[in-house]
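# Residue-level structure breakdown
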Amino acid sequence: MHEKAPVETAILRDCPVAPAAASLVAIHALVMPAAQLQPPLPGLPMVRVLDSDEQRRWNAMHRPDDRDRFLASRALVKAVVAAQRGCHPRGVRVTALSGRRPQVVGFEASRVSISHTRGLVLVACCMQGDIGIDCEYIDHSLDTAALARRFFGPPEHQTLSQLDDAQPNDGFFRLWTGKEALAKASGAGLDAVLSANLHDLLAKPHQAHHGPWMVRSLPPIAHCAMAVAAAGSAWQHEVHCWDAPALVEAWSG
Ligand SMILES: CC(C)(COP(=O)(O)OP(=O)(O)OC[C@H]1O[C@@H](n2cnc3c(N)ncnc32)[C@H](O)[C@@H]1OP(=O)(O)O)[C@@H](O)C(=O)NCCC(=O)NCCS
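My aim in this report is to walk through the structure given alongside it, one point at a time. (Residues numbered from 1 in each chain as written. Predicted model: local features only at pLDDT ≥ 70, side-chain atom pairs only at ≥ 80, totals over all residues. Heavy atoms only, no water.)

## Thoughts on the overall build of the protein chain
What counts, and what does not: The helix and strand labels rest on DSSP assignments: H or I over at least four residues marks a helix, E over at least two residues marks a strand, and numbering proceeds from the N terminus. Our radius of gyration is a C-alpha quantity, and the globule rule it is checked against amounts to 2.2 Å times the number of residues to the power 0.38. Burial classification: accessible surface area is computed with a 1.4 Å probe over protein chains only, and a residue below 20% of its type maximum counts as buried, one above 50% as exposed, and the rest as partly exposed. Note on contacts: a residue pair qualifies if any of its non-hydrogen atoms lie within 4.5 Å across the two residues. Each accessible area value is a Shrake-Rupley result obtained with a 1.4 Å probe; residue values ignore everything except the protein chains displayed when judging cover. Under this rule, positive means Lys or Arg and negative means Asp or Glu; His and the chain ends count for nothing. Working definition for charges: the position is that of NZ of Lys, CZ of Arg, CG of Asp or CD of Glu.
A tally of helices and strands in the protein chain yields nine helices and eight strands. Expected size for 253 residues packed as a compact globule is a radius of gyration near 18 Å; at 18 Å, the protein chain falls within 12% of this value. When the backbone C-alpha atoms are referred to their principal axes, the protein chain occupies close to 55 × 40 × 35 Å. Taken across its 253 residues, the protein chain has 46% of its residues classed as buried. A sequence separation of at least 24 residues applies to 63% of the contacts in the protein chain between residues at least 6 apart. With an accessible surface of roughly 12400 Å², the protein chain has 55% of that area assigned to carbon and sulfur atoms. In the protein chain, 24 side chains carry a positive charge and 25 a negative one; their mean positions are 6 Å apart.

## Comments concerning the pattern of salt bridges
Put simply, the test is: The term salt bridge refers to a pairing of a side-chain nitrogen on Lys or Arg with a carboxyl oxygen on Asp or Glu at a separation within 4 Å.
In this structure the tally under the stated criterion is eleven salt bridges. Residue Arg-93 is joined to Asp-51 by a salt bridge in which the shortest nitrogen-to-oxygen separation is 3.5 Å. Here the residue Arg-93 occupies a position in the loop between helix H4 (64-85) and strand E2 (111-117), and Asp-51 occupies one in the loop between helix H2 (46-49) and helix H3 (52-60), the gap between them amounting to 42 residues. The class for Arg-93 is partly exposed, based on a relative accessible area of 42%. Among the ionic pairs, Arg-69 bridges to Asp-65, the shortest N-O distance being 3.8 Å. One end of the pair, Arg-69, and the other, Asp-65, are both in helix H4, four residues apart, so they sit about a helical turn from each other.

## Digging into the packing of aromatic side chains
Two aromatic rings, taken as a pair, are described by how far apart their centres are and by the angle between their planes. Counted only if it meets this: Here a pair means two rings of Phe, Tyr or Trp (six-membered ring of Trp) with centres within 6.5 Å. Their orientation is stacked below 30 degrees between planes, edge-to-face above 60, and tilted elsewhere.
In total, this model carries five aromatic pairs according to the counting rule given. Measuring from ring centre to ring centre gives 6.5 Å for Phe-152 and Trp-176, while their planes differ by 50°; the resulting arrangement is tilted. You can see Phe-152 sitting in the loop between helix H5 (144-151) and helix H6 (154-161) and its partner Trp-176 sitting in helix H7 (residues 167-186), a full 24 residues away along the chain. Centre to centre, the rings of Phe-172 and Trp-176 are 5.7 Å apart; their planes meet at 25°, and the pair counts as stacked.

## Structural notes on the site of the ligand
Rules: For this purpose, a residue is taken to be near a molecule or strand whenever a single non-hydrogen atom of the residue falls within 4 Å of it. Within 3.5 Å is the distance limit for a polar contact, defined as a pair of N or O atoms, with the added protein rule that one can donate a hydrogen and the other accept it, and that residues adjacent in sequence qualify only through two side-chain atoms. A 1.4 Å probe that fits into a set of points on a 1 Å grid over the protein atoms alone but cannot get out defines a cavity; an open set with protein on both sides within 12 Å along at least five of seven lines defines a pocket, and lining residues are those with an atom within 4 Å of a point. The way we define it, a molecule is inside a pocket or cavity when more than half of its atoms are within 2 Å of that pocket's grid points.
The environment of the ligand is made up of 20 residues, and the closest members are Arg-74, Ser-115, Asp-134, Lys-184 and Leu-190. In the environment of the ligand, an oxygen atom lies 3.3 Å from a nitrogen or oxygen atom belonging to the side chain of Glu-136. For the ligand, whose unbound accessible area comes to 930 Å², protein coverage reaches 76%. Placement of the ligand is best described as lying within the largest pocket. Looking at the shell around the ligand, the elements that each hand over two or more residues are H4, E2, strand E4 (131-137), H7 and helix H8 (190-195). The leading source of residues in the shell around the ligand is H7, at five residues.

## Describing the sheet that holds strand E3 (residues 120-126)
Which entries qualify depends on this criterion: Criterion used throughout: strands pair if DSSP finds at least two bridges between them. Lines fitted to C-alpha atoms define the axes, with helix axes restricted to the stretch in contact, and inter-axis angles between N-to-C directions lie between 0 and 180 degrees.
A sheet is described by the order of its strands in space; here four strands give the open sequence E2-E3-E1-E8, paired in mixed fashion. Two strands bound the open sheet, and with one partner strand each, they are E2 and strand E8 (236-242). Going from strand to strand, the sheet's axes swing by 15° on average, the running direction of each strand aside. Sheet topology note: the E2/E3 ladder contains seven bridges and is antiparallel.

## Comments concerning the nonpolar core
Cut-off, in case you're wondering: Buried residues of nine kinds, namely Ala, Val, Leu, Ile, Met, Phe, Trp, Tyr and Cys, make up a nonpolar core once their side-chain atoms join them within 4.5 Å.
Counting 32 residues, the largest nonpolar core has Leu-30, Leu-76 and Leu-247 as its most contacted members. When contributions to this core are tallied by element, the ones reaching two or more residues are strand E1 (24-31), H2, H4, E2, E3 and helix H9 (244-250). Contact partners of Leu-76, with chain neighbours within four places excluded, come to His-28, Leu-30, Val-121, Val-123, Trp-242 and Leu-247.

## Let's talk about the packing of H3 against H4
What counts here: These descriptions rest on fixed angle ranges, namely under 35 degrees for roughly parallel, over 145 for roughly antiparallel, 65 to 115 for roughly perpendicular, and the rest for oblique. Helix crossings fall into two classes, left-handed where the near helix is turned counterclockwise from the far one by less than a right angle and right-handed where it is turned clockwise. Here the nonpolar group is Ala, Val, Leu, Ile, Met, Phe, Trp, Tyr, Cys and Pro; Asp, Glu, Lys and Arg are the charged ones; every other residue, Gly included, is treated as polar.
Contact pair H3 / H4: the axes reach a minimum separation of 9 Å and the direction vectors enclose 155°. Between H3 and H4, the interaxial angle falls into the category roughly antiparallel. At the point where H3 passes H4, the crossing takes the right-handed sense. For the pair H3 and H4, contact is made by Glu-54, Arg-57, Trp-58 and Asn-59 and by Arg-67, Phe-70, Leu-71, Arg-74 and Lys-78, respectively. Residues belonging to the contact of H3 with H4 are distributed by class as follows: three nonpolar, one polar and five charged.

Function cannot be inferred from these measures alone, as they are strictly geometric.
This is how it looks when you write it as structure tokens:
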């Protein structure tokens, strides 16, 4: 029978060199009303934001929501990096490979992470140290108790089952987004993040430590759970909220 490696070992093995600790993680949030009848970023055409590789990915997407979120996430990450560098967002290139960590071309020291879900796009950035961000729409129709039994370890499952009323549902999404954020920051695979014990995310101050990583669960925005992970245990985070007009304005000129 296949025995799972202890999670800390697994995560450290995936990350042989200790990652540089982060100091400040900036989180940029763009709320996108669902089922929009108009373009997500009025006046900002897709071809202005996306390079040819990104346009290929956009063209391959069938659902309008997926296209809108992809476009908005690229517009946001480029606007955020452009503001750091003092250039126009059109001058920022972000690698576009599906299933891979995004990377800002020519500005490798700056780390970015992207997440999008129903109604929300998030971009996290940091000047050093790998980071991961995740958001998930809190879908109350899901049988989160069954999912927790299937995917989470006994300490997390037990802590979840002791929460009152609506809290187990919210708690499930805290853990889920925490694990996804940890996966994105560490590069660890499915087994490692599923068996990582993040039950500290369920109690204040909603943060958990694993190996060199700290994972923090953030207050929901637009009914979406959010979590961020970064190397080190002393980093701060700040949240910046954007709306579509502000993002379009950042692309003007
Ligand atoms: C690839 C994965 C990270 C995407 O997460 P998701 O919740 O489906 O989607 P999100 O919108 O949050 O994230 C997508 C973004 O993550 C980024 N991303 C994709 N693969 C990544 C990777 N290996 N590392 C870091 N970031 C990655 C990309 O920027 C992507 O955006 P893009 O497709 O627009 O370029 C996720 O599906 C996955 O495989 N996770 C592995 C760990 C796992 O199974 N966790 C289960 C939780 S219990």
